[in-house]
Amino acid sequence: MSCCHNYYVQTEGKESVFSVDISSIVFGHGALKEAGEHAKGLGMSRVALFTDKKIGSLPYVAQVRDSLKAAGLDVAIYDEVKVEPTDQSFLAATRFAVEGKFDGYVSVGGGSVIDTCKAANLYATYPADFLDYVNAPIGAGKPIPGPLKPHIACPTTCGTGSECTGMTIFDLLSMQVKTGIAHRRLKPTLALIEPATTYTLPKNVVAASGFDVLSHALESYTARPYTKRAPAAKPSLRPLSQGANPWSDMGCETALKLLGKYLVRAVNDASDHEARDQMMYAATLAGIAFGNSGVHVPHGMAYSVAGMVRDFQPEGYPKDEPIVPHGMSVIVNAPSVFRFTACACPERHIHGASCLGAEVNGATNDDAAEVISKQLIKLMQATAIPNGVGGVGYGEADVPGLTKGAWAQQRLMTNSPREVSKDDLENLYRGAMRYW
Ligand SMILES: [Fe+2]
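Remember, predicted model here, so these are calculated numbers, not experimental data.

Student: So what exactly am I meant to see when it comes to the pairing of strand E4 (residues 104-109) here?
Tutor: Each regular strand carries side chains that alternate between the two faces of the sheet. The element E4 is extensively covered by neighbouring structure, given that 6 of its 6 residues are classed as buried. Alternating positions in E4 separate into two faces, Gly104, Val106 and Val108 on one and Tyr105, Ser107 and Gly109 on the other, with burial throughout. Pairing between strand E2 (residues 46-50) and E4: 4 bridges, direction parallel. Along E4, the bridge assignment pairs Ala48 with Tyr105.

In structure tokens form, the structure reads like this:
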């Protein structure tokens, strides 16, 4: 907070309290082999092991399954998880969870697997109409009534941070929107994080997930301060997206410094294990941080960039359908957004750029927009990220549609440090169309 000590000045009639939900984490080489003992310690006896077909064929799932069995637990594998899950795929997973009468869950995979496991645990434990728990205004946004069954999450990408958050994201097919469920009870009970799972990831996957981490950290760090939000009527109603706060700042700053040092190395050299290990740690730190503060406009704009994809198919991803991977759909908006938000908290934008490796000596508040956007563009170019929203297949004619989808993400828009109107959003997409 050194450069931004005025960010949390108390405001009359606004929130004066922030809360911290800390994840339990086991991090390092060999972490997955401990799954059985941890599951037993959490009281599990019959375990649902969630993964997807691709990850299921890698050694990590076998490692976890063997560890669970060695601890004397009964294990049933569910590998039908859909990459980019939908309400339908959540419901299919829920049927498996209900029929299996499990007393614990373990997920091994990326964000899609961990998110699906969270949802299956929720709907099997507290059955309800599907939209009851879904974020308002799309769903009813009802709070989760009690604790879920224990869930151990084992991430295999260095990106989503889902293992540390109480959020699950999916496509609601009937409305063609991406939305989610956000509640602290969804947060996995424990995260087992093995950095070696990233060693075999293709370059583009590391780039996309690395920029997802970067944006988690930079958005959390520059989010509207919690002291500017209306106070929660009671503690249980305090939102997960409570805004920037001193605790989240610590994780964001460290994550940004790690990204500045290791992101380009981790993307461009799969044999640089030090860089990939550090990326996994940065993802963990950023996940813990944004889980307690929330992201804002780049993530809000990403929903429609991913959702309206026509024919974009990046290297390193399955070729069966077009996809703008989550991290890519976020970062293509980021330079345009941070250029716009810089005036709301310029010191934070300059400090963020400095953590990411920018030379900021002599930079004044007036330079903040330029300094941060330039550094982001430099990192995007160094890791072969597409050139803006235009680089993933959109043009001027798509701006109204993109804006409509992003405008629906009010939970994220209101976490922005600078108020965002619908017209602003249109201009942000225009500004993001091409950077170089
Ligand atoms: Fe993200």
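Student: It is not clear to me how the environment of Ala48 should be interpreted in this structure. Could you clarify?
Tutor: For Ala48, the position within the fold is in strand E2. With 128 residues separating them in the primary sequence, Ala48 and Gln176 have C-alpha atoms 30 Å apart. If we skip the residues at most four places from it in the chain, Ala48 touches Ala76, Tyr78, Ala97, Gly100, Phe102 and Tyr105.

Student: Would you explain the packing of helix H6 (residues 203-222) against helix H7 (residues 246-268) in this entry?
Tutor: Each packed pair of helices is defined by two parameters, the angle between the axes and the distance between the axes. Look at H6 against H7: their axes get within 9 Å of each other, and the N-to-C directions meet at 160°. In terms of axis orientation, H6 runs roughly antiparallel to H7. Here H6 and H7 pass one another in a crossing that is left-handed. Side by side, H6 and H7 meet where Lys203, Val206, Ala207, Gly210, Val213, Leu214, Ala217, Leu218, Ser220 and Tyr221 of the first sit next to Ser248, Asp249, Cys252, Ala255, Leu256, Leu259, Leu263, Ala266, Val267 and Asn268 of the second. Considering only residue class, the contact of H6 with H7 consists of 14 nonpolar, 4 polar and 2 charged.

Student: Please clarify how the domain arrangement of the protein should be interpreted in this entry.
Tutor: Many authors give the size of an interface as the accessible area that is lost as the parts come together. With domains assigned, the protein is organised as domain 1 (30-193) and domain 2 (202-431). Here domain 1 and domain 2 have C-alpha centroids that lie 25 Å from each other. At the interface, 20 residues of domain 1 touch 24 residues of domain 2. Looking at the side of domain 1 that touches domain 2, the elements that each hand over two or more residues are strand E6 (167-172) and strand E7 (177-182). No other element matches E7, which puts 3 residues into the side of domain 1 that touches domain 2. Tallied by class, residues from the side of domain 1 that touches domain 2 come to 7 nonpolar, 8 polar and 5 charged.

Reading the values: the criteria
- Residues numbered from 1 in each chain as written.
- Predicted model: local features only at pLDDT ≥ 70, side-chain atom pairs only at ≥ 80, totals over all residues.
- Buried ≥ 20, exposed ≤ 12 C-beta atoms within 10 Å, placed from the backbone.
- Helix = DSSP H or I, 4+ residues; strand = E, 2+ residues; numbered from the N terminus.
- Pairing = 2+ DSSP bridges.
- Contact = placed C-beta atoms within 7 Å.
- Axes fitted to C-alpha atoms, helices over the stretch in contact; angles between N-to-C directions.
- Parallel < 35°, antiparallel > 145°, perpendicular 65-115°, else oblique.
- Left-handed = near helix turned anticlockwise from the far one by under 90°.
- Nonpolar A, V, L, I, M, F, W, Y, C, P; charged D, E, K, R; others polar.
- Domains from an automatic or database assignment.

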